[in-house]
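# Summary of the model geometry
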Amino acid sequence: MRRLIIAAISGTLLVAPLVQPAAAKPVAELPEATSAMPYRSPGKPSHPISVDVVMDAPLKAGTESTGRLSIHSALPLRSLDVLLKPEAGLTVLSNGLMEKRVNGVAANKAVTMPLKVTPGSDAARELRVVIRAVKENGTVVTREAGLLLGDEPKKHSKVLREEGTQAATGVQDQDAVMKAEQEITRH
Amino acid sequence: MNPNNFRLRRFFYVLLASSSLAACGGGSGGGGGTDTDNDNDDDDDDENPAIVYNCDGTGNVVIDGKAKYEFVPAVEGGASGPYLDYDAAKLRPIRQAEIQAICPDGSSVYDTGVTDDSGAYSLSVPENVDVAIRVRALTAATGGPAWDLQIVDNTNGQAVWAVQGDDFDSGTGSATVNLRAGSGWDGSSYANDRAAGPFAIMDTIYTAMLKVMSAEPAASFPALMVNWSPENLACSSDQPFPFADGCVGTSFFSNFGGSDGRNIFILGGEDGDTDEYDDHIIVHEWGHYYEDAFARSDSIGGQHTGGSRLDMRVAFGEGWGNAWSGIATDDPVYVDTSGSGQAGGFSFNVDDETETNPGWWNESSVQEILYDLYDSGVGDDDIAALDFAPLHAVLTDEQRNTAAATSIFPLIHFLKQDFAADVATLAAIDAVVKSHDISIITDEWGAGRGNDEADEAPPDADAGAGYVSPIYTDISAAVAGGTTTVVCGTNEYADAGNEYNRIGARRFMTFQVPASDNWLVTLDGSANNGNLGGTAPGNTDPDFFIALNGEPVTADFVQEEPASGVDNSAADPNPDGVGPGIETATVALVAGELYTIEAVEYLNVDDDNATGGDGVCLDLTFVQQ
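The sections below set out a description of the structure shown in this document. Since the model is a prediction, treat every value here as computed from it, not as a measurement.

## Regarding the overall build of chain A
Across its full length, chain A holds 0 helices and 13 strands. Moving toward the C terminus, one meets the helices and strands of chain A in the order β-β-β-β-β-β-β-β-β-β-β-β-β. For chain A, with 187 residues in total, the buried portion stands at 44%. Long-range pairs, those at least 24 residues apart, make up 61% of the contacts in chain A between residues at least 6 apart in sequence. Of the roughly 9,000 Å² that chain A leaves accessible, carbon and sulfur atoms contribute 53%.

Structure follows, in structure tokens:
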């Protein structure tokens with residue numbers, strides 16, 4: 001009888017079968033899905049996307065500092081739109097990076113871009129990173145997070161999560177108007 | 001009678017002497033001319049005279065009436081399959097929509113009202129003015145209940161869809177003006193405005209909202225935009241939200257965050273896939289909105305079919321969406337029409353027990369369990385009849401706040417808790433669950449699952465291996481003791497090339513930390529102690545995710561490194577498990593909280609279902625910083 005044993009053994013806790021299976025892997029014989037139900041909804045976008053900023057040197061007020069910003073997705077992506085929103089007092093100098101589209105990231109799940117910043121003071125400043133990513137199935141996930149860039153040349157990273165609320169309502173003169181059939185009765 | 005009463009609409013031909021002469025003389029000829037007669041074209045032939053409306057008046061007259069739209073039912077269709085039955089189209093009231101009496105030039109809104117549930121409205125306008133009645137695909141209410149729903153055109157700047165009747169003179173007496181938004185179908189194609197589409201969508205969602213309000217009368221529905229257009233097609237967009245090119249891929253819900261917020265996109269491409277009348281599709285997607293706004297969804301999405309052995313979170317999310325479409329409409333037959341003339345598609349019955357691979361991983365099992373718990377009366381094939389309120393209570397409270405991921409387990413467990421004193425109902429719940437080869441659920445973690453098919457796990461291809469049960473393992477002792485936990489997963493349960501969201505690949509654990517502090521968490525594939533048949537031993541790309549009550553716990557940093565420890569996370573030269581990978585994170589954790597951690601080998605979820613991965617074991621350690 002097969003048993004699944006979870007036990008601490010020599011300092012190791014197993015979340016696995018105690019018995020190691022054979023090296024040769026039998027082919028799983030799984031029946032074809034017979035339901036006609038297709039994929040209809042991606043549901044809530046939940047796959048994690050992380051962003052790293054690594055500066056080459058400590059930040060100094062008024063001095064240009066270079067580094068790199070990398071984005072890593074747990075899933076392959078078709079493209080990324082990256083928007084950087086520096087806090088007041090932090091100037092981002094990267095050419096074209098302020099709003100950038102990166103295509104073809106599906107191959108390695110990660111992209112790296114150069115980053116140049118000039119802080120107005122030695123105090124830590126927040127750099128907000130907004131990402132809109134198109135997944136391979138065409139759906140879009142949006143993530144936003146703030147990274148606090150300090151005075152050390154260290155890595156600043158976050159797993160990005162969704163934020164925010166709904167936009168305001170439309171304006172009447174911007175309606176998409178179609179024709180209605182009408183009957184009028186005067187009284 | 002005042003001779004000014006019931007004036008005809010007045011047309012003012014705005015002419016300049018020079019332009020009249022030019023017209024007589026044949027003008028400048030051809031396109032690219034100058035609009036010297038101010039008739040809004042590029043010539044001077046005065047063929048489109050400018051219209052000047054009278055928008056000023058005194059006194060008031062009442063204009064009332066009803067607004068209706070043409071609803072085309074999606075029918076199952078028997079042997080010939082589903083189709084939109086244009087011959088059976090019915091007029092339905094446009095309920096709770098904003099309605100305006102406006103000057104036809106758009107310069108002023110005389111009055112604004114809301115249609116009632118019969119589509120009736122009453123507006124007041126000045127006497128003797130030009131007026132048109134516009135109904136907007138927008139419904140909103142404040143207080144309790146409250147909602148804010150708009151149907152917009154994502155191919156036109158998210159403009160609110162509206163229909164407008166002919167303009168007329170208000171005169172000095174009351175008038176009844178009935179409006180009808182037609183489908184635009186002329187017997188063989190959509191030859192006219194598809195004016196009914198947005199109102200069909202809005203009405204279907206209003207029906208779903210009413211079902212929620214039956215359980216929670218003062219419900220507050222967060223703002224939602226539903227993006228529909230005849231240009232919305234099943235293609236891939238290269239444009240950002242809201243996909244102005246209409247390539248939305250499929251009908252779907254997503255919370256885009258920020259100012260974009262919660263949105264549903266609905267297909268509308270004639271002869272391809274239109275969903276505006278497929279009410280179960282719309283309610284299914286709205287069900288995901290409900291999860292996001294009222295309840296909770298931990299679904300990781302991904303490809304799925306009814307017979308797949310899905311990650312329990314995906315199975316629940318999609319099963320809920322399907323069940324909810326039957327619950328909200330009180331119609332278990334889910335129909336999705338598509339194809340030329342909207343004369344094809346597929347359908348299934350959410351109350352049908354003949355699913356393939358039944359179990360807690362099966363979205364079809366989940367959908368029927370939920371529907372069976374709800375339904376009653378004629379057609380009910382089970383002994384449970386709880387209606388929607390108990391389900392709503394669990395979904396929006398206990399399941400929303402539990403540490404366990406959303407799945408059939410917390411739903412059933414907490415539902416049973418709520419009926420703890422009702423022996424008959426408890427027995428009915430257990431019977432419904434058992435009918436899908438799921439043994440009695442005793443907690444929110446799914447404890448007690450077995451490791452063979454009879455005990456609710458599919459047969460293991462790797463002899464002796466069980467990568468599915470237990471679903472959760474408590475590793476608190478290992479965390480406190482600084483010992484290593486070996487976590488093994490597999491892609492054995494992939495099907496049709498999809499492994500991203502199949503069971504076995506993602507392993508779940510719970511833990512508490514002995515002290516509130518920063519903790520270094522490491523998931524190490526370098527030892528790969530048990531590459532259980534993988535084609536490239538030693539290749540790993542581990543990932544882990546820590547959550548507290550379903551919310552991701554932000555890590556100070558997450559990076560992947562090769563075994564040498566050299567930081568290469570920026571370029572990630574180890575993207576697909578070429579060589580052993582290590583993932584680390586420093587995480588602020590709080591004593592007393594119950595966390596979950598999901599550990600996964602990327603090669604087991606990359607949907608190649610062919611290389612690497614298979615049975616892979618990873619070393620998980622926690623070190624207090």
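## Here we look at the sheet that holds strand β25 (residues 542-548) of chain B
Residue and element names in this part refer to chain B. Strand order across the open sheet formed by 5 strands is β21-β23-β29-β25-β26, with mixed pairing between neighbours. A strand with exactly one partner marks an edge of an open sheet, and here the two such strands are β21 (472-474) and β26 (551-552). As paired strands, strand β23 (residues 506-511) and strand β29 (residues 595-601) are joined by 6 bridges and run antiparallel to one another. Note that in β29 the partner of R506 across the bridge is V600.

## A word on the environment of Y374(B)
Residue and element names in this part refer to chain B. Inspection of the secondary structure puts Y374 in helix α5 (residues 363-374). The class for Y374 is buried, based on a relative accessible area of 7%. In this structure, the C-alpha to C-alpha distance between Y374 and E593, residues 219 residues apart in sequence, is 34 Å. Every residue in contact with Y374, bar those within four places of it in the chain, is listed here: K211, I327, D330, A385, L386, D387, F388 and L391. Among the polar contacts made by the side chain of Y374, one reaches the side chain of K211 at a distance of 2.8 Å.

## So, the packing of aromatic side chains
Residue and element names in this part refer to chain B. Under the definition given, this model contains 36 aromatic pairs over all chains. Here F346 and F348 contribute two aromatic rings whose centre-to-centre distance is 6.2 Å and whose plane-to-plane angle is 15°, an arrangement assigned as stacked. The exposure class of F346 is buried, given its relative accessible area of 13%. An aromatic cluster of three or more residues is present, and its members are F221, F253, W286, Y289, Y290, F294, W320, W324 and F388. Seen from the ring of F71, R92 lies directly overhead, with NZ or CZ sitting 3.7 Å from the centre. One Lys or Arg, R194, reaches over the ring of Y190 and ends 4.3 Å from the middle of that ring.

## Some thoughts on the pattern of salt bridges
Applying the stated criterion across every chain yields a total of 14 salt bridges over all chains. With a closest N to O distance of 3.9 Å, R180(B) and E181(A) form a salt bridge. One end of the pair, R180(B), is in strand β13 (residues 175-181); the other, E181(A), is in strand β13 (residues 181-186), on a second chain. For R180(B), a relative accessible area of 34% corresponds to the partly exposed category. The partly exposed category is assigned to E181(A), whose relative accessible area is 46%. A salt bridge links D430(B) to K416(B), with the nearest nitrogen and oxygen atoms 2.9 Å apart.

## With respect to helix α6 (residues 389-401) of chain B
All names here are of chain B. The end-to-end C-alpha separation of α6 is 18 Å, in line with the 18 Å expected for 13 residues at 1.5 Å each. Of all the bends in α6, the largest measures some 35° and sits at L395. Taken together, the buried positions of α6 are P390, L391, H392, V394, L395, T396, E398 and Q399. In the core, the buried residues of α6 are packed alongside α2 (196-215), α3 (279-293), α4 (312-329), α5 and α7 (408-418).

## Thoughts on the packing of α4(B) against α5(B)
All names here are of chain B. Where α4 contacts α5, the two axes come as close as 7 Å, and the packing angle between them is 40°. Of the possible angle classes, the one that applies to α4 and α5 is oblique. Along this stretch, α4 crosses α5, giving a crossing that reads as right-handed. Along the contact surface, α4 presents A315, F316, E318, G319, W320, N322, A323, G326 and I327, while α5 presents E363, V366, Q367, L370, Y371 and Y374. Among the residues forming the contact of α4 with α5, the class breakdown is 9 nonpolar, 4 polar and 2 charged.

## A word on the packing of α5(B) against α7(B)
All names here are of chain B. Taken N-terminus to C-terminus, the directions of α5 and α7 make an angle of 20°; their axes are 11 Å apart at the nearest point. Taken together, the axis directions place α5 and α7 in an arrangement best described as roughly parallel. Once α5 is placed against α7, the crossing between them reads as left-handed. Together, V366, I369, L370 and L373 of α5 and I408, L411, I412 and L415 of α7 make up the contact between the two elements.

## Here's the deal with the state of the cysteines
Here, disulfide denotes a covalent bond that connects the sulfur atoms of two cysteines. Residues and elements named next belong to chain B. Tallied over the full model, the rule gives 3 disulfides over all chains. A sulfur-sulfur distance of 1.9 Å marks the disulfide that ties C55 to C103. Measuring handedness by torsion sign, the sulfur bridge of C55 and C103 sits at about -50° and is left-handed. On the criterion of sequence distance, the pair formed by C55 in the loop between α1 (17-24) and β1 (61-71) and C103 in the loop between β5 (98-102) and β6 (109-114) is long-range, its members being 48 residues apart. Exposure remark for C55: the relative accessible area of 15% places this residue in the buried category. Linked covalently through their sulfurs, C488 and C617 form a disulfide whose S-S length is 1.9 Å. Handedness of the C488-C617 disulfide follows from its S-S torsion of about 105°: it is right-handed.

## Quick word on the environment of G359(B)
Residues and elements named next belong to chain B. Tracing the sequence through the fold places G359 in the loop between β20 (344-349) and α5. Classification of G359 as buried rests on a relative accessible area of 1%. Sequence separation between G359 and G307 is 52 residues; the distance between their C-alpha atoms is 9.9 Å. Each residue touching G359, except ones within four places of it in the same chain, is listed here: S365, H436 and I438.

Rules used in this analysis
- Residues numbered from 1 in each chain as written.
- Chains lettered and ligands numbered in written order.
- Predicted model: local features only at pLDDT ≥ 70, side-chain atom pairs only at ≥ 80, totals over all residues.
- Heavy atoms only, no water.
- Helix = DSSP H or I, 4+ residues; strand = E, 2+ residues; numbered from the N terminus.
- Buried < 20%, exposed > 50% of the residue type's maximum accessible area, 1.4 Å probe, protein only.
- Contact = heavy atoms within 4.5 Å.
- Areas by Shrake-Rupley, 256 points an atom, 1.4 Å probe, with all protein chains shown as cover.
- Pairing = 2+ DSSP bridges.
- Polar contact = N/O pair within 3.5 Å; in protein donor to acceptor, adjacent residues only side chain to side chain.
- Phe/Tyr/Trp six-rings, centres within 6.5 Å; stacked < 30°, edge-to-face > 60°.
- Lys NZ or Arg CZ within 6 Å of the ring centre and 35° of its normal.
- Salt bridge = Lys/Arg side-chain N within 4 Å of Asp/Glu carboxyl O.
- Expected span 1.5 Å × (residues − 1).
- Bend = angle between axes of the 7 residues up to and from the residue.
- Axes fitted to C-alpha atoms, helices over the stretch in contact; angles between N-to-C directions.
- Parallel < 35°, antiparallel > 145°, perpendicular 65-115°, else oblique.
- Left-handed = near helix turned anticlockwise from the far one by under 90°.
- Nonpolar A, V, L, I, M, F, W, Y, C, P; charged D, E, K, R; others polar.
- Disulfide = S-S within 2.5 Å.

All we've got here are geometric facts, nothing functional implied.
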